[in-house]
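Residue-level structure breakdown
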Amino acid sequence: MMTSQKIRIKLKAFDHKLLDQSAVEIVETARRTGARVAGPIPLPTGIEKYCVLRSPMWIKIAEQFEIRTHKRLLDILEPTQATVDALMKLDLSAGVGR
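Now for a description of the structure that goes with this document. Everything numeric in this text was worked out from a predicted model, so none of it was measured.

**Focus on a nonpolar patch on the surface**
A grouping of Phe14, Tyr50, Val52, Phe65 and Ile67 is seen on the molecular surface, where their side chains present a nonpolar patch of about 480 Å² in accessible area. Within the residue set of the nonpolar patch, elements represented by two or more residues are strand S2 (36-53) and strand S3 (62-77). Residue placement: valine 52 occurs in strand S2.

**Thoughts on the pattern of salt bridges**
Considering all chains together, one arrives at five salt bridges under this definition. A salt bridge links arginine 72 to aspartate 20, with the shortest nitrogen-to-oxygen separation between them at 3.0 Å. Of this pair, arginine 72 sits in strand S3 while aspartate 20 sits in helix H1 (residues 16-32), and the two are 52 residues apart along the sequence. Across the pair arginine 54 and glutamate 63 runs a salt bridge whose closest N-O atoms are separated by 3.6 Å. Among the residues examined, glutamate 63 registers a relative accessible area of 30% and is labelled partly exposed.

**Let's talk about the side chain of serine 22**
Along the chain, the position of serine 22 falls in helix H1. You can call serine 22 buried: its relative accessible area is 0%. Setting aside its immediate chain neighbours within four residues, serine 22 contacts Leu92, Ser93 and Val96.

Cut-off values and rules
- Residues numbered from 1 in each chain as written.
- Predicted model: local features only at pLDDT ≥ 70, side-chain atom pairs only at ≥ 80, totals over all residues.
- Heavy atoms only, no water.
- Patch = residues over 30% accessible without salt bridge, like charges linked within 9 Å, V, L, I, M, F, W, Y side chains within 5 Å.
- Areas by Shrake-Rupley, 256 points an atom, 1.4 Å probe, with all protein chains shown as cover.
- Salt bridge = Lys/Arg side-chain N within 4 Å of Asp/Glu carboxyl O.
- Helix = DSSP H or I, 4+ residues; strand = E, 2+ residues; numbered from the N terminus.
- Buried < 20%, exposed > 50% of the residue type's maximum accessible area, 1.4 Å probe, protein only.
- Contact = heavy atoms within 4.5 Å.

Dropping the structure here:
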């Protein structure tokens, strides 16, 4: 019985536009080399909230900040060696991590 291989790529970024642009680049590269692609699948956005006290004295004035981490999941099904080589040479945007 033959086992099918797949490549799973999980992308993270603070800017959703850069993230979507990078996901499109990966999908186009994989399809150009003959692989099937499932995704990009949006995963839940991680939200980290921080509360900072602005006043050091009695008056408690607080500011609230948040950092949103957007995530996408890509599955490349039936990759070829050309697909792997093309993905290794691909240069993603500076704000996008894997």
